[in-house]
Amino acid sequence: MSDYTLPKLPYAYDALAPHIDARTMEIHHTKHHQTYTDKLNAALSQCPESVQSMDILEILADLGTVPEGQRGAINFNGGGFDNHRLFWNNMSPAGGGEPGGALADAIDSSFGSFADFKEKFSSTTAVIQGSGWGWLVYNPSSGSVEYKAMPNQTSPRTEGLVPLLGCDVWEHAYYLNYQNRRPAYIAAWWNVVNWDEVDDRLSRAQ
């Protein structure tokens, strides 16, 4: 089995400031994401080769293939590993604004307008109980984009959905700068959203 490794960020730790501060980014990446990576590898080492040979995206989409004793650890740490890979690339120092093209059309079709989508995403993600993520996902069954809140590190892939854009609302993602002001963090996060990356994911998912 080949171990998963912590991916490098596509920008410096301070590149998203002032919206997300450098210290938060460094701790989030080198401590939290590293821990999910290490614990995913440890859990996979206890699995049969048939599971070890699968990509983590395949595993998350079919957790029933994982032995029951390791299923919870892989759901949590595998989700955490993949969610954060997406999260870092969801953001860019040149981000913000609004999407265009096919992504904008898909959002308008599902939510009415970008403003309505942004309000729904922000308000619903802000009140997730405990820790979790707010997601814009693509639903292959309906061929449309949807909002989905997920608890802890459970991936939308476990429900047959393709994650396009995720906002991490675990406290470690924002507490140093925003303390308990989760809505303020979410409002700032929109300023670094990498819409080109989200649009590319939608194109690949369709």
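Residues numbered from 1 in each chain as written. Predicted model: local features only at pLDDT ≥ 70, side-chain atom pairs only at ≥ 80, totals over all residues. Heavy atoms only, no water.

### A word on the sheet that holds strand S1 (residues 132-139)
Operational definition: When DSSP locates at least two bridges between a pair of strands, those strands are taken to pair. Helix and strand definitions follow DSSP, with helices as H or I runs of at least four residues and strands as E runs of at least two, each counted in order from the N terminus. All axes are obtained by fitting lines to C-alpha atoms, using only the stretch in contact for helices, and the reported angles, taken between N-to-C directions, cover 0 to 180 degrees. We call two residues contacting when some pair of their heavy atoms lies within 4.5 Å.
The three strands are arranged S2-S1-S3 in an open sheet whose pairing can be described as antiparallel. Looking along the sheet, the strands with just one partner apiece sit at the ends: strand S2 (144-151) and strand S3 (162-168). With strand direction ignored, the average angle separating the axes of adjacent strands in the sheet is 25°. Two strands pair when backbone bridges link them, and S1 and S3 are joined in this way by six bridges, in the antiparallel orientation. Paired with tryptophan 133 across the two strands is aspartate 168, which belongs to S3. Against the sheet, helix H6 (residues 114-126) contacts S1, S2 and S3, and its axis sits at roughly 145° relative to S1. Strand contacts of helix H9 (residues 195-205): S1, S2 and S3, with the helix running at about 150° to S3, the strand carrying the most contacts.

### A short note on the environment of valine 193
The condition that has to hold: When a residue's accessible area, from a 1.4 Å probe over protein chains only, is under 20% of the maximum for its type it is buried; when over 50% it is exposed; and in between it is partly exposed.
With respect to the element layout, valine 193 can be found in the loop between helix H8 (182-189) and H9. For valine 193, a relative accessible area of 0% gives the class buried. Taking the C-alpha atoms as reference points, valine 193 and glycine 97, separated by 96 residues in sequence, lie 7.9 Å from one another.

### Quick word on the UniProt feature "binding site: Mn(2+)" (unreviewed entry) in the protein chain
Note the following rule: UniProt positions are given in the numbering used here, feature names are shortened, and annotations may be inferred rather than shown by experiment. In protein, a polar contact means a hydrogen-donor-capable atom and an acceptor-capable atom, both N or O and within 3.5 Å, with residues adjacent in sequence counting only if both atoms are side-chain atoms; elsewhere, any N or O pair within 3.5 Å suffices.
Taken from the UniProt record, the annotation "binding site: Mn(2+)" (unreviewed entry) applies to His28, His84, Asp168 and His172. Their sequence span is 145 residues, while the largest C-alpha to C-alpha distance among them is just 12.5 Å; these annotated residues converge on one region. When neighbours within four sequence positions are excluded, aspartate 168 is seen to be in contact with His28, His84, Phe87, Gly132, Trp133, Ala173 and Tyr185. Separated by 3.0 Å, the side chains of aspartate 168 and histidine 28 make a polar contact. One can find histidine 172 in the loop between S3 and helix H7 (175-178).

### Quick notes on the pairing of S2
The pairing of S1 with S2 spans eight bridges and is classified as antiparallel. Looking across to S2, one finds that glycine 132 is bridged to proline 151. Two successive antiparallel strands, S1 and S2, enclose a turn made up of four residues, where glycine 143 displays a positive phi of approximately 70°.

### With respect to the packing of aromatic side chains
Cut-off, in case you're wondering: Stacked, tilted and edge-to-face are the three classes assigned to paired rings of Phe, Tyr and Trp, where Trp is represented by its six-membered ring and a pair needs centres within 6.5 Å; plane angles under 30 degrees give stacked, over 60 edge-to-face, the rest tilted.
Evaluated as defined, the whole model comprises 19 aromatic pairs. Considering the side-chain rings of phenylalanine 121 and tryptophan 189, the 5.5 Å spacing of their centres and the 15° angle between planes classify their relative orientation as stacked. You can see phenylalanine 121 sitting in helix H6 and its partner tryptophan 189 sitting in helix H8, a full 68 residues away along the chain. Residue class for phenylalanine 121 comes out buried when judged on its relative accessible area of 0%. The interplanar angle of 70° and the centroid separation of 5.2 Å between the aromatic rings of phenylalanine 121 and tryptophan 190 together place this pair among those described as edge-to-face. Of this pair, phenylalanine 121 sits in helix H6 while tryptophan 190 sits in the loop between H8 and H9, and the two are 69 residues apart along the sequence. Taken as a pair, phenylalanine 121 and tryptophan 190 share a single burial class, namely buried. In this structure an aromatic cluster arises from ring pairing among Phe111, Phe114, Phe117, Phe121, Tyr147, Trp189, Trp190 and Trp195.

### As for the nonpolar core
The following threshold applies: Throughout, nonpolar core names a set of buried Ala, Val, Leu, Ile, Met, Phe, Trp, Tyr and Cys residues whose side chains join them through atoms within 4.5 Å.
Of all hydrophobic cores here, the largest spans 46 residues; its most connected members are Met91, Phe117, Leu136, Tyr185, Trp189, Trp190 and Trp195. Listed in part, the 14 residues of the second largest apolar core include Leu40, Ala43, Met54 and Leu60.

### Thoughts on helix H1 (residues 22-44)
Heads up, the rule is: By this rule, a helix spans an expected 1.5 Å times one less than how many residues it contains. We define the bend at any residue as the angle between the axes fitted to the seven residues before and including it, ending there, and the seven starting there.
Spanning 23 residues, H1 covers 32 Å between terminal C-alpha atoms, matching the ideal 33 Å at 1.5 Å per step. A bend of about 30° at histidine 28 is the largest found in H1. For H1, the set of buried residues is Thr24, Met25, His28, His29, His33, Tyr36, Thr37, Leu40, Asn41, Ala43 and Leu44. The inward-facing, buried residues of H1 abut helix H2 (49-52), helix H3 (56-61), helix H4 (68-90), S3 and H7.

### Here we look at the packing of H6 against H8
Let me state the cut-off plainly: Crossing handedness is defined as follows: a turn of the near helix away from the far one that is anticlockwise and smaller than a right angle gives a left-handed crossing, while the clockwise case is right-handed. The classification used treats Ala, Val, Leu, Ile, Met, Phe, Trp, Tyr, Cys and Pro as nonpolar, Asp, Glu, Lys and Arg as charged, and all other residues, Gly among them, as polar.
Between H6 and H8, the least distance of the axes is 9 Å, while the angle of their chain directions is 145°. As H6 packs across H8, the resulting crossing turns out to be right-handed. Counted together, Phe121, Ser122, Thr125 and Ala126 of H6 and Arg182, Pro183, Ile186 and Trp189 of H8 form the full contact between these two elements. By residue class, the composition of the contact of H6 with H8 is five nonpolar, two polar and one charged.

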